[in-house]
Amino acid sequence: MTCWETVQAYAFRSIGYGERLLPREDFTLCQHFTLIGSGMIWNVYFGVLALLAGFFLANAVALAKASRHAWVSKPADWFILIFRGSPLFIQFFLAYFLFLELKQAGYLPWLTSAWAGALIVLFLNTAAYSAEIFYGAYQSVPRGEIEAADAYGMTGWKRFRRIIWPTQMRLAWPAYTNEAIFLFHATALVFFSGFPASRQQGDALYYANYFADKTFNPFVPYPILAFYFILLTLVVIGLFGLANRRLNRHLPVVPKIRYRPQILR
Amino acid sequence: MFSFCTDPSTLETAQWFACYLTTGKHQLFYWSFLTVLALLAITAPTALAFGFGGAIAARSNIPPVAWFGKGYIAIVRGVPDIAFFLFFVIALDQGFEWLRHQMLCPDWSEPIRQGNDFLVCPSAKLPLSNAPQWIHEVYGFFLAVLTFAIVFGAFAANVLFGAMRAIPRGQLEAAESYGMTPRQTFWRIIVPQMWVYALPGLSNLWMVLIKATPLLFLLGVEDIVYWARELGGTALERFSDYPHPDWRLWYFLALLIFYLAFTRVSEAVLRRINARLTRGQATIGGT
């Protein structure tokens, strides 16, 4: 099998297209690259969707946490506490068994599959972490800007949308970039916790682990996995850097995003 | 455990649970919490030592040493740690066996890597194939600790490296003007003072370390996740004195609460340590 044939056979293996059987012996470097890259589709899928949806929930939760009414801020506090105070690994397990119970009771059977169930956990998890970041940024919006808005006669929603929120995003952006990177890294946990991979369709780490188990040689698949993740990290930094430039376009010097890894959650 | 536990099928609910929660397997489950705490207690200082070494190496004036230190710090960036965990456990195991193979069997002629197999001579196997079960478990735990220490050591090195550079320049100049050598400056000025700068980062790292402990399960140690899955799974009447449906949800809920409580307590303790360390410092936090 030439390398091009391998790519054709396995490039979309992780989402169920192409060759049904995974390679079993005589593993080539090309197979490593193709299959692990194919698994990255899932990492990107989980990361992008959870991040997009999580962004909106995080904004809502951050506002709720900043609320003066205890019946609004307390639930937000608890939400953040539960998702930030416990390991994502345990959250995955707990969610999986919860969805399993639901399935047995006859509700929402599709939640037990990774594409939906794990996505929900990642979505809630990133929402909690981002909400904490946005809340901190909300707290550090300069008082002068709000006074200026008052002086212009802006109140309520208008003041929030035009003055507070843009500044809040601008302040939160560097930390939020790091959160996004770690969310992508966290996607590697999906198939190693509760959610089983069906028909050997897994994420990049799933295939890397498959190769390492079969060849008993960790020195090839894991560096390839690392290569893909570094690539993904660079893309995320690039895209968030563009957004950062836009958020700060009124400033003479755009503050740089410093990449500070926080590892695991 | 209790005298009335001889025939569980006849028991009332409260008594049944009293018996069920004290079976031998449940006691192993409770012990595994200690495994997690032991891992934390051993890993935290080890990782700190690795981090200290890494930070010193990164500050070194000798280029190769500095490259090594910076490379060590940088190697954990950009890659999910779970990949490191999976990688290091196999890599360390093979590394140890290879070293022993070189030392113990110098006349072994066959290649170590034969296709998909990693073969060392029998006396170099770790642990030896005739070793008792507990040695296998201790060896697994040791590999896990080492893996955790390597990965978290890199992060600690990053924090300490930053903390060492955060010492006000004037302090170092004062030390120089007293005629201290760089070595003296390091041990008498930098090391005692860096902790207060390192504490926020190290606290953060401690929280992350707590939340990383369930990964022990992936490293093959029989930890709380292992037992929660084992005990929570459906117990059939044929195989168990205490049949019950799938209770894994409740076991994992208990683990979640354990972790929440643990992180909460840690947070409170770290806040107190921080208050204690900032006392008398010329910063906003210190009074």
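Going by the structure above, here's the rest.
Residues numbered from 1 in each chain as written. Chains lettered and ligands numbered in written order. Predicted model: local features only at pLDDT ≥ 70, side-chain atom pairs only at ≥ 80, totals over all residues. Heavy atoms only, no water.

Engineer: For the overall build of chain A, give the residues involved together with the corresponding values.
Structural biologist: For chain A, the helix and strand inventory stands at nine helices and zero strands. Scanning chain A from its N terminus toward the C terminus, one meets helices and strands in the order α-α-α-α-α-α-α-α-α. Dimensions of chain A along its principal axes, counting C-alpha atoms only, are 75 × 50 × 25 Å. By sequence separation, contacts in chain A at least 24 residues apart represent 74% of the contacts at least 6 residues apart. For chain A, the accessible surface area stands at approximately 13000 Å², while carbon and sulfur atoms represent 64% of it. Each charge class in chain A can be summarised by its mean position, and for the 23 positive and 13 negative side chains these summaries are 11 Å apart. (Helix = DSSP H or I, 4+ residues; strand = E, 2+ residues; numbered from the N terminus. Contact = heavy atoms within 4.5 Å. Areas by Shrake-Rupley, 256 points an atom, 1.4 Å probe, with all protein chains shown as cover. Lys, Arg positive; Asp, Glu negative; His and termini not counted. Charge placed at Lys NZ, Arg CZ, Asp CG, Glu CD.)

Engineer: Explain the pattern of salt bridges to me, using residue names and the numbers behind them.
Structural biologist: Residues and elements named next belong to chain A. According to the stated counting rule, one finds five salt bridges over all chains in the structure shown. Across the pair aspartate 77 and lysine 65 runs a salt bridge whose closest N-O atoms are separated by 3.4 Å. With aspartate 77 in helix α3 (residues 70-85) and lysine 65 in helix α2 (residues 29-66), this residue pair connects regions lying twelve residues apart in the sequence. By relative accessible area, lysine 65 is classed as buried at 18%. (Salt bridge = Lys/Arg side-chain N within 4 Å of Asp/Glu carboxyl O. Buried < 20%, exposed > 50% of the residue type's maximum accessible area, 1.4 Å probe, protein only.)

Engineer: Can you lay out helix α8 (residues 204-215) of chain A for me, pointing to particular residues and giving the numbers?
Structural biologist: The terminal C-alpha atoms of α8(A), which comprises twelve residues, lie 17 Å apart, in line with the 16 Å expected from a rise of 1.5 Å per residue. Of all twelve residues in α8(A), ten are buried; the element is thus mostly enclosed. Taken residue by residue, α8(A) has Ala204(A), Leu205(A), Tyr206(A), Tyr207(A), Ala208(A), Asn209(A), Tyr210(A), Phe211(A), Ala212(A) and Thr215(A) as its buried positions. In this structure, the buried side of α8(A) is in contact with α2 and α9 (221-247) of chain A together with α4 (81-104) of chain B. Phe216(A) sits one or two positions beyond α8(A) and adopts a positive phi of about 55°. (Expected span 1.5 Å × (residues − 1).)

Engineer: Can you explain unusual backbone geometry? Please cite residues and give values.
Structural biologist: Residues and elements named next belong to chain A. Residue leucine 108 is not a glycine yet carries a positive backbone phi of 40°. As for its placement among the helices and strands, leucine 108 is situated in the loop between α4 (88-104) and α5 (114-139). On the accessibility criterion, leucine 108 (41% relative accessible area) is partly exposed.

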